[in-house]
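Single-letter residue listing:
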Amino acid sequence: MKLAGQRILVTGADGFIGSHLTEYLVRQGHSVRAFVLYNSFNSWGWLDGSPADIRDSLDVFAGDVRDPNGVRQAMKGCDVVLHLAALIAIPYSYHSPDTYVDTNVKGTLNIVQAARDLGVQRVVHTSTSEVYGTARFVPITEAHPLQGQSPYSASKIGADQIATSFHLSFGTPVSVIRPFNTYGPRQSARAVIPTIITQIAAGARSIRLGATHPTRDFNFVRDTVRGFVAVAESDAAIGRVVNVGSNFEISIGDTARLIAGLMDREVELQCDDERLRPSGSEVERLWADNTLARELAGWTPEYAGQAGFARGLEETIAWFRDPANLARYKAGRYNI
């Protein structure tokens, strides 16, 4: 299935990955309806900063994925749904776990139920590498056991299973994309790479972080966006879970030192107890096997390995160094 000529709904279009994906689809000439979270400020999130030609091309629907009536209304007339809307901050999931079940599990149920009733041709549901928990083997394939080590990851496991169950029970054409740690311009400072960059850009010499020994497989946002399109267009990916990761592992500490070097700064890494996860909740190791993405969807990362990671970081740093962008962040505060 090709996306050309299809009407595409992107939920979570106002967020980090969602805004990049929405812009990409519009630039490719697709007809896009952007589902943004309703708010009294009439804000479209990151889409407010999109070029005028992008904004003018969008059909924007303000609503809430927790509301089945609004979800159904948003999905009417759409052929493809790329479902990204979710609560994703792990520390906040310790604070308010109910909201994660409501948004991530119930929200996904609303999407696939409407897709079934409306006869949507394709649903791509967004998972996360956090569902694997600490790696039991590496690189991590889609067959790796699922481990809910935080309320967030548990809610995403539930959402993934709801989405998959509708394919198995009713034949709803659902694919599950499982991005590993996406980074890039616009990312919230609750994530580690923006946390490091904003502190350095604000002039800090002592960088406050949580645990620095865990490893991650970082994926540049442009690669993640391409992954969504590839999975959406792959008939072979229907009913499957597909990892989208760089197949490159690096520790948080080494990531911080690499960023400092790229920003030409000498820094000290300081462990801030407030930023540590509970010991049993910390995911110690993530490293993606992306073989299935290549075999089913023809996707491979363009920002792979040490060199690709450095290139993606340079683009990310350049965006955050723009004073107008940096001013959006509270570098001196811990964001949950």
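Use the structure listed above.
Treat the numbers as computed from the prediction; the structure is a model and nothing was measured.

Examining the pairing of strand 6 (residues 174-179)
Among the 6 residues in strand 6, 6 count as buried, and that is most of the element. Side chains Val174, Val176 and Arg178 project from strand 6 onto one buried face, and the interleaved Ser175, Ile177 and Pro179 project onto a second face that is buried too. As defined by bridge partners, strand 5 (residues 122-126) adjoins strand 6 across 4 bridges and the pair is classed as parallel. Looking at strand 6, one finds that Thr126 is bridged to Ile177. Crossover connection from strand 5 via helix 6 (residues 151-170) to parallel strand 6: handedness right-handed.

Some thoughts on the pairing of strand 2 (residues 31-37)
For strand 2, the buried fraction is high: 5 of the 7 residues fall into the buried class. For strand 1 (residues 7-11) and strand 2, the ladder comprises 5 bridges, and the chain directions are parallel. Looking at strand 2, one finds that Ile8 is bridged to Val32. Taking the sense of rotation as the criterion, the β-α-β connection linking strand 1, helix 1 (residues 16-27) and strand 2 turns out right-handed. Pairing of strand 2 with strand 3 (residues 59-63), which is carried by 5 bridges, proceeds in the parallel orientation. Within strand 3, the residue paired with Arg33 across the bridge is Asp59. Since strand 2 and strand 3 lie parallel, the crossover through helix 2 (residues 52-57) that links them has a hand, and here it is right-handed.

Remarks on the packing of aromatic side chains
On inspection of all chains with the given rule, the structure shows 15 aromatic pairs. Summarising the aromatic geometry, the rings of Tyr92 and Tyr100 are spaced 6.1 Å apart at their centres and angled 50° between planes, so their arrangement reads as tilted. Take Tyr100: its relative accessible area is 1%, and that puts it in the buried class. One aromatic cluster is present, formed by Tyr183, Phe218, Phe220, Phe248, Tyr303 and Phe309 through successive ring pairs. Geometry around Tyr303 places Arg311 over its ring, the cationic atom sitting 4.2 Å from the centre.

A word on the environment of Cys271
Here Cys271 shows up in strand 13 (residues 268-271). Judged by its relative accessible area of 48%, Cys271 is partly exposed. Expressed as a C-alpha distance, the spacing of Cys271 and Ser206, which sit 65 residues apart in the sequence, is 9.8 Å. Not counting chain neighbours up to four residues away, the residues in contact with Cys271 comprise Leu209, Gly210 and Leu276.

Focus on the packing of helix 3 (residues 68-75) against helix 5 (residues 97-118)
At a closest axis distance of 9 Å, the pairing of helix 3 and helix 5 adopts a crossing angle of 50°. By the angle class used here, helix 3 and helix 5 are oblique. At the point where helix 3 passes helix 5, the crossing takes the right-handed sense. In contact with Pro68, Val71, Arg72 and Met75 of helix 3, helix 5 contributes Asn110, Ile111, Gln113, Ala114, Ala115, Asp117 and Leu118. For the contact of helix 3 with helix 5, the class distribution of residues is 7 nonpolar, 2 polar and 2 charged.

Things to note about the nonpolar core
Ranked by size, the top nonpolar core spans 61 residues in total, and within it Val10, Leu21, Leu25, Leu82, Ile193, Ile259 and Phe309 carry the most contacts. A total of 7 residues in this core trace back to one element, the largest contributor, which is helix 8 (residues 221-233). Judged by nonpolar contacts, the second largest core, of 20 residues, contains Phe61, Ala74, Val81 and Ala114.

Let's talk about the environment of Ile140
Structurally, the position occupied by Ile140 is in the loop between strand 5 and helix 6. For Ile140, a relative accessible area of 0% translates into the label buried. As a C-alpha pair, Ile140 and Asn247 span 107 residues in sequence and 9.1 Å in three-dimensional space. Every residue in contact with Ile140, bar those within four places of it in the chain, is listed here: Tyr132, Ala135, Phe180, Asn243, Arg285, Leu286, Trp287, Ala288 and Asp289.

Thresholds, definitions, all that
Residues numbered from 1 in each chain as written. Predicted model: local features only at pLDDT ≥ 70, side-chain atom pairs only at ≥ 80, totals over all residues. Heavy atoms only, no water. Buried < 20%, exposed > 50% of the residue type's maximum accessible area, 1.4 Å probe, protein only. Helix = DSSP H or I, 4+ residues; strand = E, 2+ residues; numbered from the N terminus. Pairing = 2+ DSSP bridges. Right-handed = clockwise from strand over helix to strand, strands pointing away. Phe/Tyr/Trp six-rings, centres within 6.5 Å; stacked < 30°, edge-to-face > 60°. Lys NZ or Arg CZ within 6 Å of the ring centre and 35° of its normal. Contact = heavy atoms within 4.5 Å. Axes fitted to C-alpha atoms, helices over the stretch in contact; angles between N-to-C directions. Parallel < 35°, antiparallel > 145°, perpendicular 65-115°, else oblique. Left-handed = near helix turned anticlockwise from the far one by under 90°. Nonpolar A, V, L, I, M, F, W, Y, C, P; charged D, E, K, R; others polar. Core = buried A, V, L, I, M, F, W, Y, C linked by side-chain atoms within 4.5 Å.

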